[in-house]
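# Results of the structural survey
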Amino acid sequence: MVLAGGIGGARFLRGLKSAAPEADITVIGNTGDDIHLFGLKVCPDLDTVMYTLGGGINEEQGWGRAGESFAVKDELAAYGVGPGWFGLGDRDFATHIVRTQMMSAGYPLSAVTEALCARWQPGVTLLPMTDDRVETHVLIDTADLDEAPAPATAGGESRKAVHFQEYWVRLRASVDAHAVVPVGAESAKPGPGVLDAVTQADVILFPPSNPVVSVGTILAVPGIREAIAEAGVPVVGLSPIVGDAPVHGMADKVLAAVGVESTAAAVAQHYGSGLLDGWLVDTVDAGSTQAVEDAGIRCRAVPLMMTDTEATAAMAREALALAAEVGA
């Protein structure tokens, strides 16, 4: 079983499928990135996994559809309808229209995701972490926004919570994040099949996805973290931090918001020995293995750059080997 966010999780899954082609892989997908745009329910992480494994992803950017066009986006802009900073393509619009129609007809997100995957055949079972609405918000200073400031707080500060997509896509995480809140997570329930997937797993893997807004959001749904901790099977993670910097994206900004240093060892310690049994760091971070071991987590240094499918498959094989080692 794999907990997955967007680009990093999807690419790791492609390597895992190559490394273990006969494995029955269940993926618990992050839905905290979900957003409603133009009256449509958009699920960026679920779709990135589905498109990547189904052969429809834009390989260069890692998200969105291959061979995309943007006529609808251009027409919306001509009408003055925003937001213009989130670029949905014409092919991608079709997915969101189908999803929204099905959900409006009463189908839960889990059933809709299963129906969408029937077209793409990703070769894994993709389960949303919850059918309930959870959306990650980020607290920032309003001075960093190009708009009228919000009223100052009693302490003289002026801050505002924005949707994670606005923070990540519009602002490019260029401003400090003071808090990251998965709104709705505290009252959400694990989606159908999620807890069963945990209890029936032979191995649980945390890919090199964002530990705060991808894997962390999944773990914020009550019952999922506890089920993983009590599953009694090896839990192994791969560091998304290489050489004290994120491999992809801007994870250092949201790590700072939760008080975690942007290092491979610090991320392992953030997850904790109560959750992780093993942790892989890149060879450039080999010096950090002892700190991770001292935290009660078995650690190995291996190449962790997903340069192509074979390199990613090698990473997956190392993760499975470490799982076998800690589970022996």
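In the block above lies the structure referred to throughout.
Residues numbered from 1 in each chain as written. Predicted model: local features only at pLDDT ≥ 70, side-chain atom pairs only at ≥ 80, totals over all residues. Heavy atoms only, no water.

Across its full length, the protein carries 13 helices and 14 strands. At 19 Å, the protein has a C-alpha radius of gyration in line with the 20 Å of a compact globule built from 328 residues. When its C-alpha atoms are laid out on the principal axes, the protein stretches across 60 × 50 × 35 Å. Relative to its full complement of 328 residues, the protein shows a buried share of 52%. Excluding contacts between residues fewer than 6 apart, the proportion of contacts in the protein whose partners are at least 24 apart in sequence is 69%. For the protein, the accessible area works out to roughly 13,900 Å², and carbon and sulfur atoms hold 51% of it. (Helix = DSSP H or I, 4+ residues; strand = E, 2+ residues; numbered from the N terminus. Rg over C-alpha atoms; globule rule 2.2 N^0.38 Å. Buried < 20%, exposed > 50% of the residue type's maximum accessible area, 1.4 Å probe, protein only. Contact = heavy atoms within 4.5 Å. Areas by Shrake-Rupley, 256 points an atom, 1.4 Å probe, with all protein chains shown as cover.)

With 15 residues, helix H4 (residues 90-104) ought to run about 21 Å at 1.5 Å a step, and its terminal C-alpha atoms sit 21 Å apart, in line with that. Within H4, burial applies to Asp 90, Asp 92, Phe 93, Thr 95, His 96, Arg 99 and Thr 100. Residues of H4 that are buried make contact with strand E4 (40-42), helix H2 (44-54), helix H3 (71-78) and helix H5 (109-120). Immediately beyond the C-terminal end of H4, within one or two residues, lies Gly 106, with a positive phi of roughly 105°. (Expected span 1.5 Å × (residues − 1).)

Per the counting criterion, the structure on display carries six aromatic pairs. Both rings, one in Tyr 51 and one in Trp 120, keep their centres 5.2 Å apart while their planes meet at 70°; by these two values the pair is edge-to-face. You can see Tyr 51 sitting in helix H2 and its partner Trp 120 sitting in helix H5, a full 69 residues away along the chain. The buried category is assigned to Tyr 51, whose relative accessible area is 1%. Judged by relative accessible area, Trp 120 falls into the buried class, the value being 10%. Its end group placed over the ring of Tyr 51, Arg 65 keeps NZ or CZ at 5.5 Å from the ring centre. (Phe/Tyr/Trp six-rings, centres within 6.5 Å; stacked < 30°, edge-to-face > 60°. Lys NZ or Arg CZ within 6 Å of the ring centre and 35° of its normal.)

Here we come to empty space enclosed by the protein. Gaps left between atoms show up when a probe the size of a water molecule is rolled over them. Taken as a whole and judged by the stated rule, the model has one cavity of 30 Å³ or more. Around the largest cavity, the lining residues are Ile 7, Ala 10, Arg 11, Arg 14, Thr 48, Thr 52, Ile 57, Glu 59 and Gly 62. Among the secondary structure elements, those contributing two or more residues to the lining of the largest cavity are helix H1 (7-19) and H2. Among the elements that line the lining of the largest cavity, the one with the most residues is H1, at four residues. A class-by-class count of the residues in the lining of the largest cavity yields three nonpolar, three polar and three charged. (1 Å grid on protein atoms, 1.4 Å probe; cavity = no way out; pocket = protein on both sides within 12 Å on 5 of 7 lines; lining within 4 Å. Points joined across faces, edges and corners; volume = space filled by probe spheres on them. Nonpolar A, V, L, I, M, F, W, Y, C, P; charged D, E, K, R; others polar.)

Once that is clear, we can look at the pattern of salt bridges. Scanning all chains against the criterion turns up 10 salt bridges. For Arg 170, the salt bridge is made with Glu 166, and the minimal N-O distance between the two is 2.4 Å. Of the two residues, Arg 170 and Glu 166 are both situated in helix H6 (residues 164-170); the distance of four residues between them amounts to about one turn of the helix. Under the relative-accessibility criterion, Glu 166 is labelled buried at 15%. In this structure, Glu 325 engages Arg 298 in a salt bridge whose closest nitrogen and oxygen atoms are separated by 2.9 Å. On the criterion of sequence distance, the pair formed by Glu 325 in helix H13 (residues 309-327) and Arg 298 in strand E14 (residues 298-301) is long-range, its members being 27 residues apart. By relative accessible area, Arg 298 is classed as partly exposed at 30%. Within the structure, one salt-bridge network assembled from shared partners comprises Glu 293, Arg 298, Arg 300 and Glu 325. (Salt bridge = Lys/Arg side-chain N within 4 Å of Asp/Glu carboxyl O.)

All right, on to the pairing of strand E13 (residues 278-281) then. Residue alternation in E13 divides its side chains into two sets, Gly 278 and Leu 280 and Trp 279 and Val 281, and both sets are buried. Pairing analysis gives four bridges linking E13 to E14, with the strands arranged parallel. By the bridge assignment for E14, Val 281 is matched with Ala 301. (Pairing = 2+ DSSP bridges.)

Take the nonpolar core next. Leu 3, Tyr 167, Ile 204, Phe 206, Ile 228 and Trp 279 are the most contacted members of the largest nonpolar core, which totals 56 residues. Residues Ala 4, Ala 10, Leu 238 and Ala 319 belong to the second largest nonpolar core, which totals 35 residues. (Core = buried A, V, L, I, M, F, W, Y, C linked by side-chain atoms within 4.5 Å.)

Our next topic: the layout of surface pockets. Roughly 1,000 Å³ of volume is contained in the largest pocket. Along the wall of the largest pocket there are 45 residues; nearest its centre are Gly 6, Ile 7, Trp 63, Trp 168 and His 248. Mapped onto the lining of the largest pocket, the elements with two or more residues apiece are H1, H2, H4 and H6. Looking at the lining of the largest pocket, the element that brings in the most residues is H2, giving five residues. Its residues assigned to classes, the lining of the largest pocket shows 21 nonpolar, 16 polar and eight charged. Empty space within the second largest pocket amounts to approximately 370 Å³. Considering the residues around the second largest pocket, the lining is formed by 17 residues, among which Met 1, Asp 24, Ile 25, Thr 26 and Val 203 are closest to the centre.

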